[in-house]
Amino acid sequence: MEITNVNEYQAIAKEKLPKMVYDYYASGAEDQWTLHENQYAFSKILFRPRILIDVSKIDMSTTVLGFKISMPIMIAPTAMQKMAHPEGEYATARAASAAGTIMTLSSWATSSVEEVASTGPGIRFFQLYVYKDRNVVAQLVRRAERAGFKAIALTVDTPRLGRREADIKNRFTLPPFLALKNFEGLDLGKMDKADDSGLASYVAGQIDRTLSWKDVKWLQTITSLPILVKGVLTAEDARLSVQAGAAGIIVSNHGARQLDYVPATIMALEEVVKAAQGRVPVFLDGGVRRGTDVFKALALGASGIFIGRPVVFSLAAEGEVGVRKVLQMLRDEFELTMALSGCRSLREITRDHIVTEWDVPRIRPAPRL
């Protein structure tokens, strides 16, 4: 069967992967309301296309933190990719590089920063969890720098792990033949079996719950790399991120895996963009499955978007080829959306190109007499 859109990879991944692994990638927190909403909320935004504009040439390229990329579609950090495919993060890194875009490597990758760097050239960011042992953090950041990573995406929404009931039921743990490679030499690379989720127990034991704004400042004392604050959903925290010296903000609800009943990221985006006042770029992750979604995020002020689950599902289905296809499909759809909306470059995409359900009072049908 020919795959014609990104969503179709999920069913293939479900067939191919062990239940524990698929559920780990696919599930959200508690009732999974936000998980559903992350995608559904995009349908509350409609287009106002402009016609009779010469769209024979379309430029999707952009710069992120000074790095030129081919399109505003980047790869979000997703953990333990070798559970999806033997080549894991290696395959993802090669696919991102071939597409001329950025890959973000998870702290909890099953390939180390050095191994991913060895796949060849590419612009890569490193996602950071702050461990209780700050020496571990400093060491990891230095290794990422040495391996040529260009920015740190600091995850700020995980002082504790969200309640992911599928992982509890499955007694989720990292398969024994894999390790969290960035921590292997520190005896922090393995995850013990637990009475609930092995990952939840690991986080409770290792991740620092005292993490606060002063640590964003501390991080700037140990690295010259720009810091993106990942996990912002409010104007208040957007302003504090700017004050703390962040180089950018990622509007994220952790793929709806942390606090359930937070808004979809596309719903929170505009509030954060307005609060940032153009002082730092704002990015979005969560729920993007179509090129139309990318356009909607940019129309609401995002400088770019990150995709997570589409990467692991396509990786499970077809390895590197799958990830390449996902990036190409989203690119093609986004280019078509730009053309049909009358936009030839990213700066031509404006708020006037969309209308949202929250822009106008809902028009209720007249009651039947």
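Nothing here was measured: the structure is a model prediction, and the numbers come from that model. (Residues numbered from 1 in each chain as written. Predicted model: local features only at pLDDT ≥ 70, side-chain atom pairs only at ≥ 80, totals over all residues. Heavy atoms only, no water.)

(A) Quick look at the pattern of salt bridges. Evaluated as defined, the whole model comprises 16 salt bridges. With a closest N to O distance of 2.8 Å, Asp 215 and Arg 134 form a salt bridge. Placement of Asp 215 in helix H9 (residues 213–222) and of Arg 134 in helix H6 (residues 134–146) is noted, with a sequence separation of 81 residues between them. Between Glu 270 and Arg 351 there is a salt bridge, and its shortest N-O distance comes to 2.6 Å. Note that Glu 270 is positioned in helix H11 (residues 265–276) and Arg 351 in the loop between helix H13 (309–341) and strand S12 (354–356), a separation of 81 residues in sequence. What you see here is one network of salt bridges that share partners, running through Glu 87, Arg 94, Glu 320 and Arg 324. (Salt bridge = Lys/Arg side-chain N within 4 Å of Asp/Glu carboxyl O. Helix = DSSP H or I, 4+ residues; strand = E, 2+ residues; numbered from the N terminus.)

(B) Representation of the pairing of strand S8 (residues 227–232) within the structure. Burial analysis of S8 places 6 of its 6 residues in the buried class, which makes it a mostly covered element. Inspection of the sheet shows strand S7 (residues 151–155) paired to S8 by 4 bridges, in the parallel sense. Bridge pairing in S8 links Leu 154 to Val 229. (Buried < 20%, exposed > 50% of the residue type's maximum accessible area, 1.4 Å probe, protein only. Pairing = 2+ DSSP bridges.)

(C) Main features of the side chain of Arg 124. Assignment of secondary structure puts Arg 124 in strand S6 (residues 124–128). Buried and unpaired, Arg 124 has no salt bridge, with Glu 320 as the nearest side chain of opposite charge at 10 Å. Here Thr 119 takes part through its side chain, which lies 3.3 Å from a polar atom of the side chain of Arg 124. At a separation of 3.2 Å, a polar atom in the side chain of Arg 124 contacts the main-chain carbonyl oxygen of Pro 121. Those residues in contact with Arg 124, other than ones at most four positions away along the chain, are Ala 93, Met 103, Val 116, Ala 117, Thr 119, Phe 149, Lys 150 and Ala 151. (Lys, Arg positive; Asp, Glu negative; His and termini not counted. Polar contact = N/O pair within 3.5 Å; in protein donor to acceptor, adjacent residues only side chain to side chain. Contact = heavy atoms within 4.5 Å.)

(D) Looking closely at the side chain of Ser 341. With respect to the secondary-structure elements, Ser 341 resides in helix H13. Judged by relative accessible area, which is 3%, Ser 341 ranks as buried. At 2.8 Å, the side chain of Ser 341 forms a polar contact with the backbone oxygen of Thr 337. Every residue in contact with Ser 341, bar those within four places of it in the chain, is listed here: Pro 49, Arg 50, Phe 295 and His 353.

(E) Examining the environment of Val 156 more closely. Summarising the element assignment, Val 156 is placed in the loop between S7 and helix H7 (165–169). Its relative accessible area of 31% is what places Val 156 among the partly exposed residues. With near-sequence residues (within four places) excluded, Val 156 lies in contact with Val 229, Lys 230 and Gly 231.

(F) Representation of H13. With 33 residues, H13 should cover 48 Å at 1.5 Å per step; its first-to-last C-alpha distance of 27 Å lies more than 12% under that length. Maximum bend of H13: about 135°, positioned at Glu 318. Backbone geometry just after H13 places Gly 342 at a positive phi near 80°. (Expected span 1.5 Å × (residues − 1). Bend = angle between axes of the 7 residues up to and from the residue.)

(G) Just the packing of aromatic side chains, in detail. A complete count under the given rule lists 11 aromatic pairs for this structure. Ring geometry for Trp 108 versus Tyr 202: centroids 6.3 Å apart, planes at 80°, classification edge-to-face. A residue pair is termed long-range when its members are at least 10 positions apart, and Trp 108 in the loop between strand S5 (103–105) and helix H5 (113–117) and Tyr 202 in helix H8 (residues 198–206) qualify at 94 residues. Since its relative accessible area comes to 2%, Trp 108 is described here as buried. Given a relative accessible area of 8%, Tyr 202 falls into the buried group. Here the aromatic rings of Tyr 131 and Phe 183 are separated by 4.5 Å at their centres, their planes lie at 25°, and the arrangement is stacked. (Phe/Tyr/Trp six-rings, centres within 6.5 Å; stacked < 30°, edge-to-face > 60°.)

(H) A look at the nonpolar core. Counting residues in each nonpolar core, the largest one holds 110 residues, and the members touching the most others are Trp 108, Leu 128, Tyr 131, Ile 266, Leu 269 and Phe 334. At 13 residues, the largest contribution of residues to this core is made by H13. With residues up to four places along the chain from it excluded, the contact list for Tyr 131 reads Trp 108, Val 136, Val 137, Phe 183, Leu 188, Tyr 202, Gln 206, Ile 207 and Asp 208. By size, the runner-up hydrophobic cluster in this structure holds 12 residues, among which are Val 64, Ile 69, Leu 228 and Ile 250. (Core = buried A, V, L, I, M, F, W, Y, C linked by side-chain atoms within 4.5 Å.)

(I) Local environment of the pairing of strand S11 (residues 304–307). With burial as the criterion, each face of S11 is covered, one bearing Gly 304 and Phe 306 and the other bearing Ile 305 and Ile 307. Here strand S10 (residues 282–285) pairs with S11 via 3 bridges, running parallel. For Phe 283, the partnering residue across the bridge sits in S11 and is Gly 304. Chirality of the crossover, the property in question, places the unit of S10, helix H12 (residues 291–299) and S11 among those that are right-handed. (Right-handed = clockwise from strand over helix to strand, strands pointing away.)

(J) Region of the structure containing the environment of Gly 319. Looking at the secondary structure, you find Gly 319 in helix H13. Taking the relative accessible area as the measure of exposure, Gly 319 reaches 1% and is therefore buried. Taking C-alpha positions, Gly 319 is 17 Å from Glu 115, a pair spaced 204 residues apart along the chain. When near neighbours in sequence (up to four residues on either side) are disregarded, Gly 319 contacts His 85 and Ser 314.

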